[in-house]
Each structure stands twice: as C-alpha cells, then as structure tokens.
Amino acid sequence: SAADPRRRTRGDRSESRTNTNHCRAWPARATMPLEKRKIEDGPIVLGICAMKKKASSEPMRQAVDRLRAFEVTGHKEFQVVYFDEEMILNQPVEEWPVVDALIAFFSTGFPLDKAIAYVSLRKPFVFNDLDKQKWLFDRRQIYKLLSEAGVPVAKHVVMNAGEANEVEESEDYLEVNGVRISKPLVEKPVSGEDHNIYIYYPRSQGGGSKRLFRKVKDRSSQFYPGIHTTRVHDGNSYIYEELLQTEGTDVKVYAIGPEYAHAEARKSPVVDGKVKRNVRGKEERYPVILDAEEKVIARKVVITFGQTVCGFDLLRSNGKTYVCDVNGWSFVKDSHKFWSDSANLLRQYMLEAIAPAHLRAHPEGNQLVLPDEAPAHRTKAKGDKGRRRNGRGAAEREEALRTFATPPNAELLCVVALTRHGDRTPKEKLKFSTREPLFLSMITEHSASTVEELKIKNVKLMEEITSRVCQVVTQLTQERKLAPAAAASTPAPKPEEVDDDFEKLLTVRQVLTSHPFRGINRKVQLKPTRWERQCSTSGGDDGAASYSSELRADGGPEPGATPTEAQFILKWGGELTPLGESQAERLGTIFRKTLYPGEFGGVLRLHATYRHDMKIYTSEEGRVQMTAAAFAKGFLDLDGNLTPILASLVSKNEKVTQMLDETPDAGRAAMELAKVHIHKVLSLDQVICDECNGLNDMLPPALSTGSASPAARAPADNSQAAGGGGGGGHSARAGAGGGGGSGCGGEEGCGREDRCERAHRGGDGQLARRLGDSRPLGGTLAGEWTGCVRRCSCRSGRTLRGRRSAAARARARRGLRA
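Residues numbered from 1 in each chain as written. Predicted model: local features only at pLDDT ≥ 70, side-chain atom pairs only at ≥ 80, totals over all residues. Heavy atoms only, no water.

### Some remarks on the overall build of the chain
And then number 1: On a plain count of helices and strands, the chain comes out with 24 helices and 29 strands.
And then number 2: In the chain, which comprises 818 residues, the proportion classed as buried is 44%.
And then number 3: Sequence separation of 24 or more characterises 66% of the internal contacts of the chain that already satisfy a separation of 6 or more.
And then number 4: For the chain, the accessible area works out to roughly 42,900 Å², and carbon and sulfur atoms hold 50% of it. (Helix = DSSP H or I, 4+ residues; strand = E, 2+ residues; numbered from the N terminus. Buried < 20%, exposed > 50% of the residue type's maximum accessible area, 1.4 Å probe, protein only. Contact = heavy atoms within 4.5 Å. Areas by Shrake-Rupley, 256 points an atom, 1.4 Å probe, with all protein chains shown as cover.)

Structure, rendered in structure tokens:
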C-alpha cells in the first residue's frame, strides 16, 4: 500500500495490453458458485470492449484506475482487460478473452452484433444491455419508449419518408398529418447518429434557421438568416418538435444505475453556438441539483433502456422538465468526484452479481485515492490570473457596493427592471378610405368576420396585399393615360381626388416593396366602415332580394354583410436601429458587471445552474423584443444573431404581455393631456424665451413643475363666455375679464402676455380637474384646450397663430358652445 498506486495500475494496464493477441494468456474466469466466490482466489476480470478512442479516453481511464485501486487484505478485487480494437474488428468472438464482467458500448465503427454474439457465447455480467442499445439508433423508438414509460417529451410529430404524408408549411408553423407544430421548431433526423439538427424561426421574429452539429473547435451551431424552409420534402424521415424555451441552458444528466445521477448545465447551442471552454480546454459546465421529479425521470430512463451507465438530455421549460435525447455509455469529462462515485458504484454492481458474499463482508472496500484527485473547479491555472485581470479593483468594488447598499439584516430577493426600447427609426402611418374591390375582398377572404378589421402582419398576407396594391397602381396608371380619350364620354371625378388617392397608393407601394419582409416592421390594417346587406323587397312575387348600403351602427351590421368601403391603414418604421441594439447590449453588460462586481462569470454560472432565475418579458412590438434580446446578449455575454437569442431567452406570457401593452385609464388620460400640450407647443409660432420661464409657463397645471397660479387653481365653470371668480374666460369671438379675472378675445389682442397666460391656464385648470376626477379625455376637452389659443397680441408684438386643421377648429367650436 506504500507504493504509488498510479505506477502499479499503469503497469497492470500495460501488462494486460501486451497479452491482447494471445488468448491463452488471459486469466480463466472462476466457475464456482457466487456465494462461495472469494476475491482471495483471484480478482474479478473486467473486460473493456470498445473502440480505442473511447476506451482510452480520460474519463474512462480515470474510472478504470480507481477500480484497479480497490483491494482487501492485500488482494486486488479487479483485473482489467482491454479488448484491442484490431481484435474486435477482425478476430472471431471465440478468440476474444473470457471475462467475468463486460463493459461494451457502441460508437462509430463498433461491431455491435459481434459484441452481442460474444455475450451470448460467454455470458459475462454486462452493465449495458447490448440488444437494447439498438433502440438508441432511432429517435422515433426513443420517443416512443419514453412516452410509454411516462417520461415527458416535447410536443412532436413524425414524418416518415415513403408514406402518404399531408404536409403544409407556412412562415409560422408546419403541419404534418394534421399535427401542427408552431415555429420556432426543431427538425431532427430519425437516426440517432445523425447530429445535423436544424431549428427554424418564424418570420415574425426575423426568420432564418440554425444548424446544430457536433462541436468543432469553439462552434456548435451556425445561423443562416436566409434559409426559412424545412427539409420536409427531401425524401428523408424527420421528427418535428416545438422549440422549448429553456432560458438559454440545457442539462446533461449522467446516470450510473437507477439510484445515482450527476447533472451538469451548459449554455445551449441553440443560443449563439459559441462553445465556452475552461482553462483545461473542456466545455464549461456547472453542476446542478435535480429535483425529485427529475430523479424519477433518471431512474425510468435507466430501467427502460437497460443501460446502467448512460447519459440523457433534460430541458427545463416553464416549470416542467422534458427529455429530448438518450445516449449510450457516457461519463462526465471533468469531474473527479463523479469518477470516484462511478468506480464505487461499478464495484458494487459487479460484486452484487459475481461475489455477493464478499460485498457483504466488505461493503465499502478500500479504494486507494489517487494523489492528483482534486475538484476540477479548484484547479489553479491561467484562469485565476484572468480573473484578477478582469476583476474590478478594490475601490471600484467598494463604490459598487455602496451604490447597492442595503440595510442591516436585509436580504435581496429580486431585481425588477422596467426598460424602454432602444433607439428606433421614426414611426410612420398612412390612412385613407378605399372602395377598391381588390382590397375589400381581402377582408372577406382572410378575416374571421367581415365586421371586424383585418390585421395583416405575416409575410404571406403582406406579399398578397403588396401584389394587389401593385395591380391597382398599374390599373390606375393605365386609366390616367387613357383619361383624355374617355373624358368626352364619361364624367371624370375631381382631379384633386384622383391625384390624392393615386399618390397615397404610390406611397403604399413604395413602402411595401422597399425591402423584403422580415420581422415585425410593417403592418396593414383594413377597417370596414360601410357594408351592404341583403334585404327583402316589399312587392316582389318571388321573394327576390335587393342590397342596401348602410353606415355601421353602434351595434354593427348583421353577420355576413359585405363591406363596400374600408379604411386602409399602413404603419411602418419604428424599427430598432443599430445604435439602439448597441445601447441595449451595453446596458446588459453594465447591468451584469454592476450586480456582480469583481466576480468573473458569476452570473453566467448562476444562470446556467438555475439558481439565478432570470425572466425577460416584452410587449408584442418588434423593436421591444429585439431590445430585450440585445440586453440578454450583453447580460449573459452571448454572441451571434439576435433571432436565436430572442427565441431562447425572451419569455412569452399572456398576462405579462397584456400588462405591458395596455395602459390604465388614469395613465392614458395623462398621456392625452401631454399630447394635447405638445401639439399646442409645436403648432404655435412663438419664441420660447428664458424670461418667460421657458416651457414651464406653458405647461398645464397637471404637468407643470412649479406651483399653479391662483387663477389656474380657481374654478372655471363660468369660463365659457367670461371669466369669473379669478378664472379666465374664452369665447368664440370675443371675451372680457370679470371678477378679477382676465379675458382673451379671439380677434382682439389682450395686450399683456401675463394676462393671456393666466387666462390660458385658467381654461386648462378645468381640464386638469376633469382628468383628476378620472374622467376620460374626449374630443370636447381636447378641443377646449386647443381652441383656447387663437390669436392674441403679446408683449413682443408677435402674432400667435394656432395652425389647426378644419376638424380641430370644428372640435374647438363644439367645445366652446358646450
């Protein structure tokens, strides 16, 4: 025991390999009954039958070295024998060594049927059922067995080549034989050995696809923004399943028997495809704790597939756990603790099957611990220097801690951030009425009801409406060319109306054809405003029907009424700019460094192990969703395109989205008040000077930062014709001050700027009080505020002109009359 165990075990291994091609040199397996089998009579012979690359890998070597180290009273418990790769491939199984226990598993090039024949001939104790390993070759069989065992799997559908499959693919979903899978979706080849898995994203999120593959250097996937169509028609069989949102991580589980499972979390290749490696060149992973349900899942997987040592993949999504793949023999690549646990469990299983009496006498064994065994995460290497280089200085850490200082005995439970989207392009909107049959037919063809408006967002309908707009523009262009010839026979409409409609349609065509449809950047709405319905005639003999045109009433037309006029609304712009994307990403980076000062990779480890429960919710606006994805990219230190990050990390919750999209009445009333004031400021020809206290003097009381004047606070109930009780009065044509108040005439100037301002604020006070009563802001209030500024002379002698439309002036007159 004083000798170096590593030197001894390596010598044993080399001795065993020198006898690979001489079967008579192998020790004979003991044939005595199990209860009488003693280790003193000879060690248990364990055979390793696998391809050379797998058999000599670091995890396998670590586990085997620990098995060799077990001994009792100076007697080794196990003798390990390696089956040479050349012998496995070229020699008959009758010439293979005879062993008591066998570790055999499939990898590329391994003759599985030959190994099955050897087990049938020699009947050793086998850890992994070789016949059942064939089940792992077909993902269809894996999903079937998992479902039968009660293990949750993602919603999926199988498309078998050569069968009569009904397939329908759109930009938002794929439907196979009546089962619809919404995008983003995962496309898996049915072969378990084919790792070319594709993911397809909906066009509303930017479209494109991502191709997953076995790790090549620091890449595990690649994004292709221009490929949107699945491989459903290429003649191969596939499994299509929904892409589960896993917060950017997945869990690898390594089971050794039904009672032991080691789990590690890693960054999902779905996110950005960049493989993060530690200082030893291994993929960066973090141990996680499985809950009770997940431990039951591990037990079911081991028992169902008959694999004592196996690995499988878990996906945690929205509080549930799913299994997406089951592998064969798998070992953790960088955990000394797991290697020691696996050696102890393999010893236990072998002794239970071969020498149970010895196990009862020596349940723990006497494993010699290797001197180089140490937790992987404690290994000091160049990474520690990197942490010191990348960490903040002491002063910066103290400053950050002071910024987030908390009272004594307080515990931070969560951090909630409500953030606006980044810099965007201007939002544009074009609205006009149309009776064009090509547009109206879109409502009857694609809307669930001809009464409600049709919202066109997806690419297919956008392309259809674009085609119809181009067709109408072409038709109008030809009619304009033929207009002189037809003018003599038919009365033409007013030229200004024709030109206005034509110019609007040209604008619509230019916007819709400016660039390909990708993401949420353009939207068309068709709102029916007039319908015609079928009604019976009064004097007809045969009950014939005629059509009457009606304007939509409050209750709406009858179901099935045909629209004859609609409002065409086009919205575009408002897209996140490159500056906005960089703003959001930088904010995420600053957020991570500020919350975790001096800790390199701390938040990444916590997020990967689900101890950092981060959720990102957004409204339905495309610019908001992309801002959230860019923030997550900076916060979690990700790379690549935003579309995969959006699909993987940005959560969708109906209640949260409703909360973010809808504005309460009180907030909407304040917004309307602010809009009216902004409209007033922008429509006045007035110099804003510092002497007048700038814009603050022009603010209504509800928005002003200063205290309101007595005139603004006084009641203004009698301000329709003349000011009273300190209030300012406004009339449609003339006004006069009363009771200490001031009046402002529409045609006559008041001559003093301060009186004019007080009168204006007096009118606004009534508006503010109405808003304070939580009453909705209607057209009367808006007209009252807009109409109070008409034309008056002020100290500067300049003329204030309210640049308002005819509709605004009409609203103002109605409000003043009221």
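### Observations regarding unusual backbone geometry
And then number 1: With omega at 5°, the peptide bond leading from K183 into P184 counts as cis.
And then number 2: Summarising the element assignment, P184 is placed in the loop between β10 (179-182) and β11 (185-189).
And then number 3: Residue T73 is not a glycine yet carries a positive backbone phi of 50°.
And then number 4: Position of T73 among the secondary structure elements: in the loop between β2 (71-72) and β3 (75-76).

### Here's the deal with the nonpolar core
A general trend in soluble globular proteins is that nonpolar side chains are found buried together.
And then number 1: Membership of the largest hydrophobic core comes to 35 residues, with the highest contact counts inside it found for L46, I48, L67, F127 and W329.
And then number 2: Among the elements of the structure, β1 (44-49), α3 (58-68), β4 (78-82), β5 (101-104), β16 (249-256) and α8 (336-354) are those that each provide at least two residues to this core.
And then number 3: Setting aside chain neighbours within four positions, we find L67 in contact with L46, F78, A343, L346, R347 and M350.
And then number 4: Judged by nonpolar contacts, the second largest core, of 31 residues, contains L146, I239, V251 and Y322. (Core = buried A, V, L, I, M, F, W, Y, C linked by side-chain atoms within 4.5 Å.)

### Regarding the packing of helix α6 (residues 139-148) against helix α7 (residues 292-305)
And then number 1: Their axes nearest at 10 Å, the elements α6 and α7 cross at an angle of 120°. Classified by the angle their axes make, α6 and α7 are oblique. Once α6 is placed against α7, the crossing between them reads as right-handed. Contacts between α6 and α7 involve I142, L145 and L146 from the former and V301, T304 and F305 from the latter.
And then number 2: Considering only residue class, the contact of α6 with α7 consists of 5 nonpolar, 1 polar and no charged. (Axes fitted to C-alpha atoms, helices over the stretch in contact; angles between N-to-C directions. Parallel < 35°, antiparallel > 145°, perpendicular 65-115°, else oblique. Left-handed = near helix turned anticlockwise from the far one by under 90°. Nonpolar A, V, L, I, M, F, W, Y, C, P; charged D, E, K, R; others polar.)

### Observations regarding the sheet that holds β5
And then number 1: The strand order across the open sheet built from 4 strands is β4-β1-β5-β6, with neighbouring strands paired in parallel fashion. Here the strands that pair on one side only, and so sit at the sheet edges, are β4 and β6 (125-126).
And then number 2: In the sheet, β5 pairs with β6 via 2 bridges, with the strands oriented parallel. When the bridges of β6 are listed, L102 appears paired with V126. (Pairing = 2+ DSSP bridges.)

### Some remarks on the packing of aromatic side chains
And then number 1: Considering all chains together, one arrives at 18 aromatic pairs under this definition.
And then number 2: On the numbers, 5.8 Å between centres and 90° between planes, the contact of F83 with Y118 is edge-to-face. One end of the pair, F83, is in the loop between β4 and α4 (85-90); the other, Y118, is in helix α5 (residues 112-122), and 35 residues separate them in sequence.
And then number 3: A relative accessible area of 3% means that F83 is categorised as buried.
And then number 4: Arranged with centres 6.1 Å apart and planes meeting at 50°, the rings of Y238 and Y240 form a pair that is tilted. Judged on exposure class, the residue Y238 and its partner Y240 are both buried.
And then number 5: Among the aromatic residues, those joined into a cluster by ring pairs are F105, Y254, Y260, W329, F331 and F338.
And then number 6: The ring of F70 carries the charged tip of R347 above its face, separated from the ring centre by 5.4 Å. (Phe/Tyr/Trp six-rings, centres within 6.5 Å; stacked < 30°, edge-to-face > 60°. Lys NZ or Arg CZ within 6 Å of the ring centre and 35° of its normal.)

### Side note on a nonpolar patch on the surface
And then number 1: Together, L418, Y617, M659 and L660 make up a nonpolar patch on the protein surface, roughly 440 Å² of accessible area in all.
And then number 2: Looking at the secondary structure, you find Y617 in strand β26 (residues 616-617).
And then number 3: Relative accessible area serves as the criterion here: at 35%, Y617 is assigned to the partly exposed category. (Patch = residues over 30% accessible without salt bridge, like charges linked within 9 Å, V, L, I, M, F, W, Y side chains within 5 Å. Salt bridge = Lys/Arg side-chain N within 4 Å of Asp/Glu carboxyl O.)

### Overview of a positive patch on the surface
And then number 1: Together, R420, K427, K429, K431, K455, K457, K527, K571, R668 and K675 line one region of the surface with positive charge.
And then number 2: Elements with a minimum of two residues in the positive patch: β21 (427-434) and α20 (665-683).
And then number 3: The element contributing the most residues to the positive patch is β21, with 3 residues.
And then number 4: Along the chain, K527 falls in strand β23 (residues 522-536).
And then number 5: The class of K527 is partly exposed, set by a relative accessible area of 32%. (Lys, Arg positive; Asp, Glu negative; His and termini not counted. Charge placed at Lys NZ, Arg CZ, Asp CG, Glu CD.)

### Regarding the pairing of β5
Regular strands place side chains that alternate from one sheet face to the opposite one.
And then number 1: Here β5 shows no split at all, with A101 and I103 on one side and L102 and A104 on the other all buried.
And then number 2: By the bridge criterion, 4 bridges tie β1 to β5 in an arrangement that is parallel. Residue pairing for β5: G47 is matched across the bridge by L102.
And then number 3: Following the chain from β5 across α5 to the adjacent parallel β6, one finds a crossover that is right-handed. (Right-handed = clockwise from strand over helix to strand, strands pointing away.)

Just geometry here; none of it tells us what the structure is for.
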